[in-house]
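Observations on the model geometry
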Amino acid sequence: MNSIITIENLSVRYQQTLALNNITLQVPENVRMAIIGPNGAGKSTFIKAILNLIPAKQHKLSFFNDLTLKQARSKIAYVPQTSEVNWHFPTTVKDVVTMGVSSNRWGFQSVSEEQKVVVSHALEAMELTDLSNRQISQLSGGQKQRVFIARAIAQDADLYFFDEPLAGVDMKSEAIIMAQLKEFQDKGKTSLTVHHDLNSVPDNFDYVLFLNKEVVAIGPTVDVFTRDNIDNAYLNHSQPNNIEPSSKQSGLHILGVDQHV
Ligand SMILES: Nc1ncnc2c1ncn2[C@@H]1O[C@H](COP(=O)(O)OP(=O)(O)OP(=O)(O)O)[C@@H](O)[C@H]1O
């Protein structure tokens, strides 16, 4: 198996909270992987620790078989939760997407004609062309998500991380985003997506990581997306005390599990 990410013994602690405990896993190349688990399971922490955005306990981590994060960084794109972005920053949709192609984050004057075409295609793919000159503060939730996904498309990475790209989005945006994940895979790329709707996992992801502070299961959707693993991830693990059940867990009800975590 060609491993695009190899992780050994990754643990993360925030003061009193052990967010991730001794994660060891491999992600194969060219999968469309969903990261699922209840609120507070450590899904966002997992992505941030892999990308060295937060400190983790001593562990081993390699990308594209044997590259360090520093060596692999130019091949990696990350789309954070929209809540982590300063939407009042005075900039336009097009300028944000242009950041995907510009090595000098704010030096748009250095963008070549070729790069402008890449930006234009990314805007088109996310159906944002008409909104190109709009300030990012004046976008709907779904449009905001699509702006950052367009930036990731423009980056032309090989490995993509999406943290809850469907949070707060309308159905149109959801369809556009899911189609884009498929397109990434068709182009040989790998994506890891924090996802909350269990019902839509089988149709949209071919690989699944069930996470609840520890790895509950990981593998092809057809093998690991089972009732037992869902129960193990959502019901059988002890939960952090500070987590409130939320609407994000509605997928559980639809699947017929009647207990809250
Ligand atoms: N900056 C922080 N300081 C302290 N604790 C934190 C911090 N960030 C996250 N945590 C805690 O770490 C645990 C894992 O959080 P994380 O956000 O990774 O979970 P998650 O699975 O992404 O949750 P959700 O589905 O609600 O987004 C939770 O108990 C959370 O409260």
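Since the model is a prediction, treat every value here as computed from it, not as a measurement.

Some thoughts on the overall build of the protein chain
A tally of helices and strands in the protein chain yields ten helices and nine strands. Here the protein chain holds 261 residues, and the buried ones make up 52% of them. Across the protein chain, the fraction of contacts at a sequence separation of at least 24, relative to all contacts at a separation of at least 6, is 67%. Working note: accessible area of the protein chain is about 12,600 Å², and carbon and sulfur atoms make up 46% of it.

What to know about the sheet that holds strand 6 (residues 159-163)
In spatial order, the strands read 5-6-7-3-8-9; together these six strands make up an open sheet with mixed pairing. On the outer flanks of this sheet lie strand 5 (76-79) and strand 9 (214-220), each paired with one strand and no other. Neighbour-to-neighbour, the strand axes of the sheet open up by a mean angle of 15°, direction not taken into account. Running at roughly 175° to strand 5, helix 5 (residues 141-155) makes contact with strand 5 and strand 6 of the sheet.

Focus on the packing of helix 4 (residues 113-125) against helix 5
In a packed pair of helices, the relevant descriptors are the angle between the two axes and the axis-to-axis distance. It is at 8 Å that the axes of helix 4 and helix 5 come closest, and there the two elements cross at 140°. In terms of orientation, helix 4 lies oblique with respect to helix 5. The interaxial crossing formed by helix 4 with helix 5 has right-handed handedness. Side by side, helix 4 and helix 5 meet where V118, A122 and A125 of the first sit next to A150, I153 and A154 of the second. Split into classes, the residues belonging to the contact of helix 4 with helix 5 amount to six nonpolar, no polar and no charged.

Examining helix 9 (residues 227-234)
Taken residue by residue, helix 9 has N229, I230, A233 and Y234 as its buried positions. When helix 9 is viewed along its axis, its buried side chains cluster within an angular range of 115° and face the same direction.

Some details on the packing of aromatic side chains
Tallying each qualifying case throughout the model produces five aromatic pairs. Note on W87 and F148: the rings are 5.3 Å apart at their centroids and 80° apart in plane angle, and the pair reads as edge-to-face. Linking W87 in the loop between strand 5 and helix 3 (93-98) with F148 in helix 5, this pair joins segments that are 61 residues apart in sequence. Each of the two residues, W87 as well as F148, counts as buried. Plain terms: the ring middles of Y160 and F162 are 5.9 Å apart, the flat faces sit at 0° to each other, and that makes the pair stacked.

Let's talk about helix 1 (residues 43-50)
In terms of residue burial, helix 1 counts as a mostly covered element, since eight of its eight residues are buried. The complete set of buried residues in helix 1 reads K43, S44, T45, F46, I47, K48, A49 and I50. Just downstream of helix 1 lies N52, where phi reads positive at about 60°.

So, the site of the ligand
In the vicinity of the ligand lie 18 residues, with G40, G42, K43, S44 and T45 positioned nearest. Within the contact set of the ligand, an oxygen atom lies 3.0 Å away from a backbone nitrogen or oxygen of G42. In the model, an oxygen atom of the ligand is placed 3.2 Å from a nitrogen or oxygen of the H196 side chain. In isolation the ligand offers 630 Å² of accessible surface; the protein chains occlude 72% of this area. Secondary structure elements with two or more residues in the shell around the ligand: strand 2 (17-28) and helix 1. Looking at which element gives the most residues to the shell around the ligand, the answer is helix 1, with three residues. In terms of residue class, the shell around the ligand is made up of five nonpolar, ten polar and three charged.

A short note on the environment of D163
Summarising the element assignment, D163 is placed in strand 6. Taking the C-alpha atoms as reference points, D163 and Q81, 82 residues apart in sequence, are found 5.2 Å from one another. Here D163 is in contact with S44, V79, P80, Q81 and V194, once residues within four sequence places are set aside.

Thoughts on the nonpolar core
Judged by nonpolar contacts, the single largest core of 49 residues is most densely connected at I36, V97, L128, V147, F210 and F225. Within the second largest apolar cluster, 31 residues are counted, among which are I4, V12, L69 and A72.

Rules used in this analysis
- Every chain is numbered on its own, with residues counted from 1 as its sequence reads.
- For this predicted model, a pLDDT threshold of at least 70 governs which residues receive local features, and a threshold of 80 or more governs which side-chain atom pairs are given and counted, while totals over whole chains, interfaces and linings are taken from all residues.
- Note that the side-chain values use all heavy atoms of the structure and ignore hydrogens as well as water.
- Helix and strand assignments follow DSSP, with helices taken as H or I runs no shorter than four residues and strands as E runs no shorter than two, numbered in order from the N terminus.
- Burial here depends on accessible area, computed with a 1.4 Å probe over protein chains only, as a share of the maximum for the residue type. Under 20% is buried, over 50% is exposed, and the range in between is partly exposed.
- For this analysis, residues touch if any pair of their heavy atoms sits within 4.5 Å.
- Here, Shrake-Rupley sampling with a 1.4 Å probe gives the accessible areas, and only protein chains in the shown set may cover a residue.
- Here, strands pair whenever DSSP counts at least two bridges between them.
- Think of each axis as a best-fit line through the C-alpha atoms, taken over the contacting stretch in the case of a helix, with angles from 0 to 180 degrees between the N-to-C directions.
- We call two directions roughly parallel when the angle between them is under 35 degrees, roughly antiparallel when it is over 145, roughly perpendicular when it lies between 65 and 115, and oblique otherwise.
- Left-handed is the label given to a crossing in which the near helix is rotated counterclockwise from the far helix by less than a right angle, and right-handed is the label when the rotation is clockwise.
- Under the scheme applied, nonpolar residues are Ala, Val, Leu, Ile, Met, Phe, Trp, Tyr, Cys and Pro; charged residues are Asp, Glu, Lys and Arg; polar residues are all the others, including Gly.
- Comment: arc refers to directions from the helix axis out to C-beta atoms.
- Only Phe, Tyr and Trp rings are paired, with Trp represented by its six-membered ring, and only when their centres lie within 6.5 Å; those with planes under 30 degrees apart are stacked, over 60 edge-to-face, the remainder tilted.
- Near, as used in this document, describes a residue that has one of its heavy atoms within 4 Å of the molecule or strand being considered.
- In protein, a polar contact requires one atom able to donate a hydrogen and another able to accept it; more generally it is a pair of N or O atoms within 3.5 Å, and residues adjacent in sequence count only if both atoms are side-chain atoms.
- The set of buried Ala, Val, Leu, Ile, Met, Phe, Trp, Tyr and Cys residues whose side-chain atoms join them within 4.5 Å is what this entry labels a nonpolar core.

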